[in-house]
Amino acid sequence: DSGVTQTPKHLITATGQRVTLRCSPRSGDLSVYWYQQSLDQGLQFLIQYYNGEERAKGNILERFSAQQFPDLHSELNLSSLELGDSALYFCASSPNRGPDEKLFFGSGTQLSVL
Amino acid sequence: KNQVEQSPQSLIILEGKNCTLQCNYTVSPFSNLRWYKQDTGRGPVSLTIMTFSENTKSNGRYTATLDADTKQSSLHITASQLSDSASYICVVSAYPGGYNKLIFGAGTRLAVHP
């Protein structure tokens, strides 16, 4: 158990809908990363927050948004969902900063858009 | 373009045998190279992290090597066990400043059979 909690584990919804994925980082970790993993693809970086502030953006669509709250949990909001958004969404947290920063991943949220 | 390529895509070995997984990368600026193990339906778990100056690093039965000149890395698994069945992901970190830009390979799917 990495100590990173993601809810829900599975989510099934329809095209055009909006969903919210939630991540609770390990106790004390200030940094939260969001990744998307499509079938047989490598993890794609979406966005990073550090202590409530956005630090870096990756290939995140405009239909997607995220935030990190004062208690350090984070939410990823996906709207106007399309079939291609079906994927595993991972959250990772980190206790330190710098090049050797170690990331601890949650178990992911499996999103299925029908 | 930053890229991480892994081979083979999948591998089947018998329990007790050794195997070697390969990773080639073109990432700049290079910061470090990581190997992760990802069990089905779970988040990746870190096995090793190597910087530019490190040639080899071990974690139990896992040994990673890095040749920064040829931009190649390998992960050697000794005396495989059924629990080694998983995807092994090579990740290269570029640290452009302020955040870790992790570039993930697509992974090698390893199946260990009794």
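If you tally the helices and strands in chain B, you get zero helices and eleven strands. Secondary structure of chain B in N-to-C order comes out as β-β-β-β-β-β-β-β-β-β-β. Taken over the C-alpha trace, chain B has a radius of gyration of 14 Å; the compact-globule value for 114 residues is 13 Å, and the two agree within 12%. Overall, the C-alpha framework of chain B stretches about 45 × 30 × 20 Å when taken along its three principal axes. Within chain B, buried positions represent 46% of all 114 residues. Expressed as a percentage of contacts within chain B between residues at least 6 apart in sequence, the contacts between residues at least 24 apart total 56%.

A few words now on the packing of aromatic side chains. The final tally for this structure, using the stated rule, is 13 aromatic pairs over all chains. Ring centres of Phe90 of chain A and Phe105 of chain A lie 6.4 Å apart, and the angle between their planes is 85°; on these two criteria the pair is classed as edge-to-face. Taken together, the residues Phe90 of chain A in strand β9 (residues 87-94) and Phe105 of chain A in strand β10 (residues 104-105) connect sequence positions 15 residues apart. Using a relative accessible area of 0% as the deciding quantity, one classes Phe90 of chain A as buried. Using a relative accessible area of 4% as the deciding quantity, one classes Phe105 of chain A as buried. Summarising the aromatic geometry, the rings of Tyr25 of chain B and Phe30 of chain B are spaced 5.2 Å apart at their centres and angled 20° between planes, so their arrangement reads as stacked. Among the aromatic residues, ring-to-ring pairing joins Tyr33, Tyr35, Phe45, Phe90 and Phe105 of chain A together with Tyr36 and Phe104 of chain B into one connected group. The residue whose ring lies beneath Arg26 of chain A is Phe104 of chain A, and the NZ or CZ to ring-centre distance is 3.7 Å.

A separate point is the sheet that holds strand β7 (residues 62-67) of chain B. Pairing between sheet strands relies on hydrogen bonds along the backbone, with the strands arranged either parallel or antiparallel. All names here are of chain B. Taken together, five strands build an open sheet; the order of strands is β1-β3-β8-β7-β6 and the sheet is antiparallel. Strands with a single pairing partner mark the edges of an open sheet, and in this sheet they are β1 (3-7) and β6 (56-59). Averaged over all adjacent pairs, the angle separating strand axes in this sheet is 15°, with direction ignored. As paired elements, β1 and strand β3 (residues 19-26) share five bridges and run antiparallel to each other. When the sheet's bridge partners are listed, Gln6 is paired in β3 with Cys23.

For the rest of this paragraph, the subject is the environment of Leu75 of chain B. Residues and elements named next belong to chain B. Relative to the helices and strands, Leu75 resides in strand β8 (residues 72-77). Looking at Leu75, the relative accessible area reads 0%, which means it is buried. For the pair Leu75 and Lys57, spaced 18 residues apart in the sequence, the C-alpha separation amounts to 9.5 Å. If we skip the residues at most four places from it in the chain, Leu75 touches Cys19, Thr20, Leu21, Trp35, Leu47, Tyr62, Thr63, Ala64 and Tyr88.

Interfaces are frequently sized by the accessible area removed from exposure as the parts join. Between chain A and chain B, the residue contacts involve 22 residues of the former and 22 residues of the latter. Here chain A meets chain B over a buried area of about 1700 Å², counting both sides, of which 52% is carbon and sulfur. Considering only the surface of chain A that becomes buried against chain B, Leu43, Pro99 and Phe105 of chain A emerge as the three largest contributors, covering 27% of it. Run the count over chain A and chain B and you get zero salt bridges. Summed over the shared surface of chain A and chain B, the number is four residue pairs in polar contact (both at pLDDT 80 or more). At the level of elements, β4 (31-37), β5 (44-50) and β6 (53-57) of chain A are the ones that each hand at least two residues to the side of chain A that touches chain B. Among the elements that make up the side of chain A that touches chain B, the one with the highest residue count is β4 of chain A (three residues). When its residues are assigned to classes, the side of chain A that touches chain B shows nine nonpolar, seven polar and six charged.

Reading the values: the criteria
- Residues numbered from 1 in each chain as written.
- Chains lettered and ligands numbered in written order.
- Predicted model: local features only at pLDDT ≥ 70, side-chain atom pairs only at ≥ 80, totals over all residues.
- Heavy atoms only, no water.
- Helix = DSSP H or I, 4+ residues; strand = E, 2+ residues; numbered from the N terminus.
- Rg over C-alpha atoms; globule rule 2.2 N^0.38 Å.
- Buried < 20%, exposed > 50% of the residue type's maximum accessible area, 1.4 Å probe, protein only.
- Contact = heavy atoms within 4.5 Å.
- Phe/Tyr/Trp six-rings, centres within 6.5 Å; stacked < 30°, edge-to-face > 60°.
- Lys NZ or Arg CZ within 6 Å of the ring centre and 35° of its normal.
- Pairing = 2+ DSSP bridges.
- Axes fitted to C-alpha atoms, helices over the stretch in contact; angles between N-to-C directions.
- Buried area = accessible area lost by both parts, 1.4 Å probe.
- Salt bridge = Lys/Arg side-chain N within 4 Å of Asp/Glu carboxyl O.
- Polar contact = N/O pair within 3.5 Å; in protein donor to acceptor, adjacent residues only side chain to side chain.
- Nonpolar A, V, L, I, M, F, W, Y, C, P; charged D, E, K, R; others polar.

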